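# Descriptive analysis of the structure
In case you want the letters, here they are:
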Amino acid sequence: MESETKIWKELLGWVFYFLIIFALTYLIITFIGQRTKVSGSSMETTLSDGDQLIVDKISFRFREPRRYEIIVFPYQHEEDTYYIKRIIGLPGDTLWIADGVVYVDGEPLEDETYGNEPMLNPGIAQEAITLGEDEYFVLGDNRNHSSDSRETSVGVLNRQDLIGRAWIRIWPLSEFGVIKHE
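The following refers to the structure shown. (Residues numbered from 1 in each chain as written. Predicted model: local features only at pLDDT ≥ 70, side-chain atom pairs only at ≥ 80, totals over all residues. Heavy atoms only, no water.)

### Examining the overall build of the protein
Counting its regular elements, the protein contains two helices and 12 strands. For a compact globule of 182 residues, the expected C-alpha radius of gyration is about 16 Å, and the protein comes in at 21 Å, more than 25% above that figure. Summarising its shape, the C-alpha atoms of the protein cover approximately 85 × 35 × 30 Å along the three principal directions. Burial status across the protein gives 38% buried among its 182 residues. As presented, the protein carries roughly 11000 Å² of accessible surface, and 56% of it is formed by carbon and sulfur atoms. Each charge class in the protein was averaged separately, 17 positive and 30 negative side chains, and the resulting centres sit 8 Å apart. (Helix = DSSP H or I, 4+ residues; strand = E, 2+ residues; numbered from the N terminus. Rg over C-alpha atoms; globule rule 2.2 N^0.38 Å. Buried < 20%, exposed > 50% of the residue type's maximum accessible area, 1.4 Å probe, protein only. Areas by Shrake-Rupley, 256 points an atom, 1.4 Å probe, with all protein chains shown as cover. Lys, Arg positive; Asp, Glu negative; His and termini not counted. Charge placed at Lys NZ, Arg CZ, Asp CG, Glu CD.)

Put into structure tokens, the structure is as follows:
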């Protein structure tokens, strides 16, 4: 009888242990970080097709997103599809694209060197766009091969759409490390 009680206590201890691990895993994935995989070439040369990343979901709870940060957001027209792009326009900015150059508040983005080649299609940004108090304009680094805020299917993002920022590349191992945003 005593050994049977001991076995039940041991078994309940293990069940409790696994429940704690499950709960912590759920909380971490939901509120702190999650793994995501890059599909496609829209962020070349910064991120490549097949790269696996950890997305930091907690930073934006304590501070505002910054220009040039690489962020993750859901694609509104396809369930369980997420896009990874770079923030170019911040709330209150007026921006447009002319001759492959991004202008913010009338000034060209001089330090904006992420595109592989001159941007051919300004999309909806050929006309000036003034962002609202919680709106962001994003572009892929591979500008001529990216669906981003220039397209009406993506458009301007609202603050609540931003899941988090790309934080660490975990695969391939040869590229392992913290992702540079600027």
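### Structural notes on the pattern of salt bridges
All told, the structure shown has eight salt bridges when counted by the stated rule. In this structure, Arg63 engages Glu69 in a salt bridge whose closest nitrogen and oxygen atoms are separated by 2.5 Å. The burial state of Arg63 is the same as that of Glu69; both residues are buried. Across the pair Arg86 and Asp141 runs a salt bridge, and its minimum N-O distance is 2.8 Å. Pair noted here: Arg86 is in strand S4 (residues 82-89) and Asp141 is in the loop between strand S9 (135-139) and strand S10 (157-158), with a separation of 55 residues, a long-range link. (Salt bridge = Lys/Arg side-chain N within 4 Å of Asp/Glu carboxyl O.)

### Thoughts on a nonpolar patch on the surface
On the surface, Phe16, Ile20, Leu24, Tyr26, Leu27, Ile28, Ile32, Ile58 and Phe62 cluster together into a nonpolar patch covering about 920 Å² of accessible area. Tallying contributions element by element places helix H1 (residues 2-32) first for the nonpolar patch, with seven residues. Residue placement: Tyr26 occurs in helix H1. (Patch = residues over 30% accessible without salt bridge, like charges linked within 9 Å, V, L, I, M, F, W, Y side chains within 5 Å.)

### Topic: the pairing of strand S3 (residues 70-74)
Counting buried residues in S3 gives four out of five residues, a clear majority hidden from the surface. One ladder, built from five bridges, connects S3 with S4; its direction is antiparallel. Paired with Pro74 across the two strands is Tyr82, which belongs to S4. In this sheet, strand S11 (residues 164-171) lies alongside S3 in antiparallel orientation, the contact comprising two bridges. For Val72, the partnering residue across the bridge sits in S11 and is Gly164. (Pairing = 2+ DSSP bridges.)

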